[in-house]
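Residues per chain, in single letters:
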Amino acid sequence: MSEQPTDQPVGTLETVHTFDDGPMPTGVSVSRTGRIFVNFPKWGDEVACTVGEIRDGKVVPYPDVDWNSPRDDADPEALVSVQSIVVDPADRLWILDTGSPMFQPTRHGGPKLVCVDLETDQVVRTIVFDQDVALPTTYLNDVRFDLRRNAAFITDSSDQGPNGLIVVDLHTGEAWRRLHDHPSTKAVEPVGMLPMVEGKPFFERPKDGPPQPVRMGSDGIAIAADGSRIYYCALVSRRWHSVSAEALFDRGLSDADVSATVVDEGDKGGASDGLETDDRGRLYLTDWEHNAVLRRLPDGTMETLAHDPRLLWPDTMSVADGYLYVTANQLHRQAKYQNDEDRRRYPYSLFRIPIDAGPINLR
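In this report, the structure presented in the accompanying data block is examined. Computed from a predicted structure; not experimentally measured. (Residues numbered from 1 in each chain as written. Predicted model: local features only at pLDDT ≥ 70, side-chain atom pairs only at ≥ 80, totals over all residues. Heavy atoms only, no water.)

## Some words on the pattern of salt bridges
Rule in force here: Salt bridges are counted wherever a side-chain nitrogen of Lys or Arg sits within 4 Å of a carboxyl oxygen of Asp or Glu. Helix and strand assignments come from DSSP, with helices taken as H or I runs of at least 4 residues and strands as E runs of at least 2, each series counted from the N terminus. Only protein chains enter the accessibility calculation, which uses a 1.4 Å probe; a residue is then buried when its area is under 20% of its type maximum, exposed when over 50%, and partly exposed in between.
Throughout the structure, instances matching the rule amount to 28 salt bridges. Between Glu204 and Lys336 there is a salt bridge, with its nearest N and O atoms 3.8 Å apart. Linking Glu204 in strand E16 (residues 203-204) with Lys336 in the loop between strand E27 (323-328) and strand E28 (348-354), this pair joins segments that are 132 residues apart in sequence. A relative accessible area of 31% means that Lys336 is categorised as partly exposed. Salt-bridge contacts for Arg344 lead to Asp342; the nearest nitrogen and oxygen are separated by 2.8 Å. Residue Arg344 is classed as buried on the basis of its relative accessible area, which comes to 16%.

## Re the side chain of Ser237
Heads up, the rule is: Polar contact is defined as a pair of N or O atoms within 3.5 Å, subject to the rule that within protein one atom must be able to donate a hydrogen and the other to accept it, and that residues adjacent in sequence are counted only when both atoms are side-chain atoms. Pairs of residues are marked as contacts when any of their non-hydrogen atoms sit within 4.5 Å.
With respect to the helices and strands, Ser237 occurs in the loop between strand E19 (229-234) and strand E20 (239-244). Accessibility expressed as a relative area gives 7% for Ser237, which makes it buried. A polar contact of 3.1 Å, which involves the side chain of Ser237, links it to the backbone nitrogen of Arg239. Sequence-distant contacts of Ser237, that is, excluding residues within four places in its chain, are made with Val188, Met193, Lys268, Gly270, Ala271 and Ser272.

Now the structure itself:
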């Protein structure tokens, strides 16, 4: 009897690092000199350090142990629970601290943006968000930078309150909300989409009680290679949107004026967590429904860059030195989605895929 046909992988996944014990990673970012940074939000695992650097095959606290030892959830001088880390075009590491372990309500001092000089490994800037920007319900998810504007753009993916984008003037440290609870930032209601992962509807599944829809909103974010537009997507949606970066950064515009620049970028073919861009103008989208990473070319063509059974919940991406790095962390196998049974299995993985491109350089 001949061998039965099976689903075939697409693309080339190279394992960079396996996390054989400890907490699940979400973010990854790679510096211009090849240093690899990762982060671990506090979602129930024991987290020794919420930000680390991979050195000689091991994760070490970054920038040091003290910065990873907060006094409480509102400590402005330490990292509370980090969801994302991004190396900017000036080769500085920015750390996005949710200030929200276990998705608890935030307090002033917790939600912040921390900048580390990679030449000295010292924190050189901390921007603490006011409570009308980082709301008690806010979950700071991911961030992108345009240093020509001295701007940072952040997603608020809250599953308990308003979603939207947060804009930061890096020159003054001021921040403000845009697209506050705009429909494009919201998770799709269950009647509009049945999210699937590993052949099973993706819902919160408590031990007692019926399944509940996952309501994580604006999550992934990317900036066009020319800095003109900000792309974003809700965690539970197969569509994605973009908005004018200039409009977001112009505080003189009304919310209606900003909203008028929103474009529906169409159906991605799957639900995404992370977004990214390369210097050839191509956009990358993780696809957690299909264990895949997708890519949109400048002419609008969508293609599959990688499809592999090991890409169990591809989360965050980083472009560096001709590769796309991506974490796979089995997020959907957490107990909250599996009737209180943790079905994750070690190792979690960091992969990279050759793309013959580098990071965008808006500076």
